[in-house]
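Each chain, written out:
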Amino acid sequence: MGLAALSRLDVKDVTIRNGTIALLDRRTGEREELTKVALTLSLPRLGGAFSAEGTEVWHGEPIAFSIRLDHPEMLARQSGRSGLTVALTAKPVSFRLTGGVTNAMSGPVLAPIVDGKAVIAMPSLRDFVRWSGRDMDLPPRGFGALTLNGAVRMQNGIAQFGDIVLTLDAVKATGTLTLDANATMPTVAGALRIGMLDFTPYLPPPVEGWSTRAFDTAIFRQFNADLAIAADGAKFRRLEAGKTDAAIHLKDGKLAVDIRAMSLYRGQAKGNMTLDANGPEAAVTGDGTVSGVDLGALLRE
């Protein structure tokens, strides 16, 4: 059969019903299953668009999805590119990407680079983490609705987001983020510009006098981070600060926070804090300097 004949080949409405797809992560040995898979594939002609759409169940939640490749035949060649649209909808999350995929292979193996505009929405980040099966102990309050819009580039398990608008609960941020899922412990890095950063909703309810409640440090052992934060202000219950420039580094349960500049009650403050969450009790150290601070106003808070 020649190429001219192949170009007239039709593949329409190939359907799979009640299927099961097994996924194996060779790095960790973890196995996942997609069940009740219903899938329809369509490739009307070689050189035409390929589409796949259907439903599946993962961790007890039904998922609807669709994929479209405008020119799948282009991916058979090095640096070949096709338009790509991906949509996924489930109760815990919705995702849409409009862009393209490029074959960056240097040999016979497909090496896709996906880029485009992405929109992610979660009614509850807490529910999404629970659904995903990750053993992550979030603080008892907050971590509700999350949205993320921006440009994205994905390659080899790394997603780079640029020009993003990110919202979590009442917090809104812009900037860049990189998510690396290659290691057993995910890593997030980037630079964010935030309005008012209010920590109060994420704190346990206040108590009279000194609290004897143990501080749960488990979350610091569940991901790594390297973030630069510029905030218009920060709030910790009644204590408020103005413009703040800080860096956050978290690696293998060891947190380092460097407050490079902070406006605080008509003055300025800077300092650093470290927390080691690997022992039976958290080890905390810190130091800093203040200048021109209205101590009377500060102590009244």
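Asker: Honestly, the nonpolar core in this entry has me stumped. Any pointers?
Answerer: Side chains that are nonpolar tend, in soluble globular proteins, to be buried together. Counting residues in each nonpolar core, the largest one holds 50 residues, and the members touching the most others are Phe161, Leu177 and Ile194. Here this core gets five residues from one element, more than from any other, and that element is strand E9 (residues 158–168). Residues contacting Leu177, with those up to four places away along its chain left out, are Leu148, Ala159, Gln160, Phe161, Ile164, Leu166, Val188, Ala189, Gly190, Leu192 and Leu227. Ranked by size, the runner-up nonpolar core spans seven residues in total, among them Ala241, Met262, Leu264 and Tyr265.

Asker: I keep staring at the packing of aromatic side chains and nothing clicks. Help me out?
Answerer: One pair of aromatic rings is described through two measures. These are the centre distance and the angle between the planes. Following the criterion strictly, the structure yields three aromatic pairs and no others. Ring centres of Phe143 and Tyr202 lie 5.1 Å apart, and the angle between their planes is 70 degrees; on these two criteria the pair is classed as edge-to-face. In this pair, Phe143 sits in the loop between helix H2 (125–132) and strand E8 (146–155) while Tyr202 sits in the loop between strand E11 (187–198) and strand E12 (224–236), placing the two residues 59 residues apart along the sequence. By relative accessible area, Phe143 is classed as buried at 16%. On the accessibility criterion, Tyr202 (15% relative accessible area) is buried. Every member of this aromatic cluster is reached through a ring pair, and the members are Trp58, Phe128 and Trp131.

Asker: I tried to follow the pattern of salt bridges on my own but got confused; where do I start?
Answerer: Side chains bearing opposite charge may pair, as long as their charged atoms lie close to each other. One pass over the structure, following the stated rule, counts eight salt bridges. Where Asp245 meets Arg260, a salt bridge forms, and the shortest distance between an N and an O atom there is 3.1 Å. Remark: Arg260 occurs in strand E15 (residues 254–264) and Asp245 occurs in strand E14 (residues 244–251); sequence separation between them is 15 residues. Judged by its relative accessible area of 31%, Asp245 falls in the partly exposed class. One continuous salt-bridge network, built from bridges that share partners, spans Arg193, Asp232 and Lys243.

Asker: How do you make sense of H2 when you look at a structure like this?
Answerer: Because each turn of an α-helix spans 3.6 residues, side chains separated by three or four positions end up pointing in the same direction. Restricting attention to buried positions, one finds in H2 the residues Leu125, Arg126, Val129, Trp131 and Ser132. Note on H2: the residue one or two positions beyond its end, Gly133, has a positive phi of about 85 degrees.

About the criteria used
- Residues numbered from 1 in each chain as written.
- Predicted model: local features only at pLDDT ≥ 70, side-chain atom pairs only at ≥ 80, totals over all residues.
- Heavy atoms only, no water.
- Core = buried A, V, L, I, M, F, W, Y, C linked by side-chain atoms within 4.5 Å.
- Buried < 20%, exposed > 50% of the residue type's maximum accessible area, 1.4 Å probe, protein only.
- Helix = DSSP H or I, 4+ residues; strand = E, 2+ residues; numbered from the N terminus.
- Contact = heavy atoms within 4.5 Å.
- Phe/Tyr/Trp six-rings, centres within 6.5 Å; stacked < 30°, edge-to-face > 60°.
- Salt bridge = Lys/Arg side-chain N within 4 Å of Asp/Glu carboxyl O.

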